[in-house]
Amino acid sequence: MRRIGFVRLAAAGLLLLLSAPSGHAQDYPDKPIRVVLTYTAGGVSDGIMRLLAPKMEEMLGQKLIIEAKPGAAGNIGTIEVAKSPPDGYTLVVTATNNFVINQYTMKMPIDPLTALAPVAKLADVPLVLFSNPTIPAKDFAAFIDYVKANPAKVNFGSPAAGTVNHMLLERVKQTKGLDMQHIPFRGSPQGVMALLQNDIQLFTVGYAAGIGHLKDGKLTALAVASDERLPELPDTPTLAESGLPGFTGANWWGMAAPAGTPEPVVRKIREAVQAALKEPNVIARYKALGLGIPKQSPEQWAAGLRAEAELWSDTVKRGGIVLQ
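Remember, it's a predicted structure, so these values are computed and weren't measured experimentally.

A.B. asks: What should I look at first to understand the environment of threonine 204 in this one?
C.D. replies: As for its placement among the helices and strands, threonine 204 is situated in strand E8 (residues 202–206). Taking the relative accessible area as the measure of exposure, threonine 204 reaches 0% and is therefore buried. C-alpha of threonine 204 to C-alpha of proline 29: the two residues are 175 residues apart in sequence and 40 Å apart in space. Once residues lying within four places of it in the same chain are set aside, the contact partners of threonine 204 are Leu127, Val128, Leu129, Gly157, Pro159, Asn165, Leu168 and Leu169.

Next comes the structure, spelled out in structure tokens:
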């Protein structure tokens, strides 16, 4: 009888062990959490995490170790985290192209949509289509007419090839049958300078990068790529209002964990992010930096990633876009 009781006790213990969340999610976290940035220290993602970290650390009870792993358009850091243990102790902060564009423009050993578990969107960067004032067009519909009347004479730029800034204008180009040339730059400042010098005639970037020159009359804001007009640019119409319904785009930043990370762990991190985004100082700094607090819930963002990826995949295929 004594042996039978021991066997039953052992079986019950095994059942309890198997039914418990993997990775001891109920005790998570019990050590510091590493957050990998896919771009250089001092950049946008670094600034975002420095703002969010204090509240997240308070909520999680552990320190966040922020580490930059730039290179290959953000792929190096993304791939490293995707291949890390799915225990919630290694996270990645990605941009739009890392999650829903790069796998279509270049060779990658992973598909971020299946190799990563979305945690939460951290910030939106609403995009504005700025032009050089020498172009006799004050809205985007008139700009399209100008390009059609002047084939191969208009250049458009982006902060880098393969970014959502690039893809958005490629999609416009394909849809409207426009003959204009893409010129990529190494960041937004270089692109804005080229626009000011009229080396390019159209540049899509976050409003904060161009609003000072707009106020000085050195740039023209043709349209915004948001669902609605921006409070900072109330007189600038959306692309939908400019005759391009359904055309939206934002360079968002999001946090992800390796696929297979226990849901209770993902939920804890997500709740910490959501709490940080509600902090008054974070809201104020986001506004000053031209960043938007995400309107989507983390679940809505995660659910929409596949559709966003399909949109940019189609754009890449139609444009024959291949990056090294």
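A.B. asks: Help me understand the pattern of salt bridges, please; the structure alone is not making it clear to me.
C.D. replies: When their charged atoms lie close together, side chains carrying opposite charge are able to pair. Using the criterion set out here, one finds twelve salt bridges in the structure. Between arginine 34 and glutamate 67 there is a salt bridge; the shortest N-O distance is 2.7 Å. A residue pair is termed long-range when its members are at least 10 positions apart, and arginine 34 in strand E1 (residues 33–37) and glutamate 67 in strand E2 (residues 64–68) qualify at 33 residues. For lysine 69, the salt bridge goes to glutamate 67, with nearest N and O atoms at 4.0 Å. For lysine 69, a relative accessible area of 26% translates into the label partly exposed. Members of the salt-bridge network, linked through shared partners, are Arg34, Glu67, Lys69 and Glu80.

Cut-offs and rules
- Residues numbered from 1 in each chain as written.
- Predicted model: local features only at pLDDT ≥ 70, side-chain atom pairs only at ≥ 80, totals over all residues.
- Heavy atoms only, no water.
- Helix = DSSP H or I, 4+ residues; strand = E, 2+ residues; numbered from the N terminus.
- Buried < 20%, exposed > 50% of the residue type's maximum accessible area, 1.4 Å probe, protein only.
- Contact = heavy atoms within 4.5 Å.
- Salt bridge = Lys/Arg side-chain N within 4 Å of Asp/Glu carboxyl O.

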